[in-house]
Amino acid sequence: TGKRGHNVPGGGAGRRASRESAASIRARRSSSPSPLGRTDTKTTQAAAPSLLREALVAYGCVGLWIFFSGAVITYNKFLLSVAGFPYPITLTLWHMLFCSTIAFALVRSGWVKSIDMEFDTYVSAIVPIGACYAVSLWVGNAAYLHLSVSFIQMLKALMPVAVFLVGSLMGVEKFELGLRA
């Protein structure tokens, strides 16, 4: 229908379902009440280290993501500007080849579960996203030839605004001028 959360891809229905399943997972992990209505403290105490471990793993992954993202940005700038490699499309192809190889290895080794997907779904849902991501990488890498890293990072900070504007143009988001308290 074009409104948020009404069977529009990315409109929230999938997020709502994943929140519900996450809530059910948390409910299963939490301790069950005793017949007297009290919570089993041994189970609660045993769940605390597990929750702490999950939080540390999540924050560790975010930290590594930020570090490696900065490292890739700096290295791309070095390759394209200082090292004399002015071929952003080639660099993008190497990025995509590396990511594909790692993803393939993770699925084949069993670290990541494979999914069954019909070819039509793959072509209509995955290929457009992959093509847009490849073009985004290409144009982003080409920008390093002409702009500084700090300016590019400031432009990247405007990405949520651009996503909202495109979503508004496509009818997925609703643009309102009024302020909400």
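Residues numbered from 1 in each chain as written. Predicted model: local features only at pLDDT ≥ 70, side-chain atom pairs only at ≥ 80, totals over all residues. Heavy atoms only, no water.

Draft legend 1. Spatial organisation of the overall build of the chain. For the chain, the count of helices and strands is six helices and zero strands. Looking at the chain as a whole, 11% of its 181 residues qualify as buried. The contacts of the chain with a sequence gap of at least 6 include a subset with a gap of at least 24, amounting to 53%. Looking at the chain as shown, the accessible area adds up to about 14800 Å², and 70% of this sits on carbon and sulfur atoms. (Helix = DSSP H or I, 4+ residues; strand = E, 2+ residues; numbered from the N terminus. Buried < 20%, exposed > 50% of the residue type's maximum accessible area, 1.4 Å probe, protein only. Contact = heavy atoms within 4.5 Å. Areas by Shrake-Rupley, 256 points an atom, 1.4 Å probe, with all protein chains shown as cover.)

Draft legend 2. Layout of the side chain of T92. By secondary structure assignment, the location of T92 is in helix α3 (residues 88–109). Separated by 2.8 Å, the side chain of T92 and the backbone oxygen of P88 make a polar contact. (Polar contact = N/O pair within 3.5 Å; in protein donor to acceptor, adjacent residues only side chain to side chain.)

Draft legend 3. Local environment of the side chain of K77. Inspection of the secondary structure puts K77 in helix α2 (residues 41–82). E173 provides the closest opposite charge to the buried, salt-bridge-free K77, at an N-O distance of 33 Å. Apart from the residues lying within four places of it in its own chain, the contact partners of K77 are V82, Y144, L147, S148 and V149. (Lys, Arg positive; Asp, Glu negative; His and termini not counted. Salt bridge = Lys/Arg side-chain N within 4 Å of Asp/Glu carboxyl O.)

Draft legend 4. View of the nonpolar core. I73, L79, L80, L91, A143, Y144 and I152 together form the largest nonpolar core, which totals seven residues. Ranked by residue count, the leading element in this core is α2, at three residues. Discounting residues that sit within four places of it in the chain, L80 has contacts with F85, P86, Y87, P88, L91, N141, Y144 and L145. (Core = buried A, V, L, I, M, F, W, Y, C linked by side-chain atoms within 4.5 Å.)

Draft legend 5. Expanded view of the pattern of salt bridges. Across all of its chains, the model carries one salt bridge by this definition. A salt bridge links K174 to E176, with the shortest nitrogen-to-oxygen separation between them at 3.9 Å. K174 gets classed as exposed once you look at its relative accessible area, which sits at 65%. For E176, a relative accessible area of 37% corresponds to the partly exposed category.

Draft legend 6. Main features of the packing of aromatic side chains. If you walk through the whole model with that rule in mind, you get three aromatic pairs. Look at F67 and F68: their rings are 5.1 Å apart centre to centre, the planes differ by 75°, and that puts the pair in the edge-to-face class. With a relative accessible area of 54%, F67 lands in the exposed category. An angle of 80° between the planes, with centres 5.3 Å apart, marks the rings of F85 and Y87 as edge-to-face. Of the residues examined, Y87 reaches a relative accessible area of 47% and is grouped as partly exposed. (Phe/Tyr/Trp six-rings, centres within 6.5 Å; stacked < 30°, edge-to-face > 60°.)

Draft legend 7. Examining a nonpolar patch on the surface more closely. A cluster of nonpolar side chains, contributed by F151, M154, L155, L158, V161, F164, L165, F175 and L177, occupies part of the molecular surface with about 900 Å² of accessible area. Going through the elements one at a time, α5 (149–156) and α6 (159–169) are the ones with two or more residues in the nonpolar patch. Inspection of the secondary structure assignment puts L177 in the segment after α6. (Patch = residues over 30% accessible without salt bridge, like charges linked within 9 Å, V, L, I, M, F, W, Y side chains within 5 Å.)

Draft legend 8. Quick look at the packing of α3 against helix α4 (residues 119–143). Remark: α3 packs on α4, axes separated minimally by 8 Å, with the N-to-C direction vectors making an angle of 135°. Regarding the angle of α3 to α4, the classification is oblique. The handedness of the crossing between α3 and α4 is right-handed. Contacts between α3 and α4 pair P88, I89, L91, T92, H95 and M96 from the former with G130, Y133, A134, L137, W138, N141 and A142 from the latter. Of the residues belonging to the contact of α3 with α4, the class tally is nine nonpolar, four polar and no charged. (Axes fitted to C-alpha atoms, helices over the stretch in contact; angles between N-to-C directions. Parallel < 35°, antiparallel > 145°, perpendicular 65-115°, else oblique. Left-handed = near helix turned anticlockwise from the far one by under 90°. Nonpolar A, V, L, I, M, F, W, Y, C, P; charged D, E, K, R; others polar.)

Draft legend 9. Representation of the confidence of the model for the chain in the model. The share of residues in the chain with pLDDT of 70 or more is 72%, and the mean pLDDT across the chain is 77. Within the chain, α3 carries the highest mean pLDDT (90), whereas helix α1 (residues 13–29) carries the lowest (49). A low-confidence stretch, residues 1–20 stays under pLDDT 50, and its non-local contacts, those more than four residues away or across chains, total 18 contacts. (pLDDT = per-residue confidence, 0-100.)

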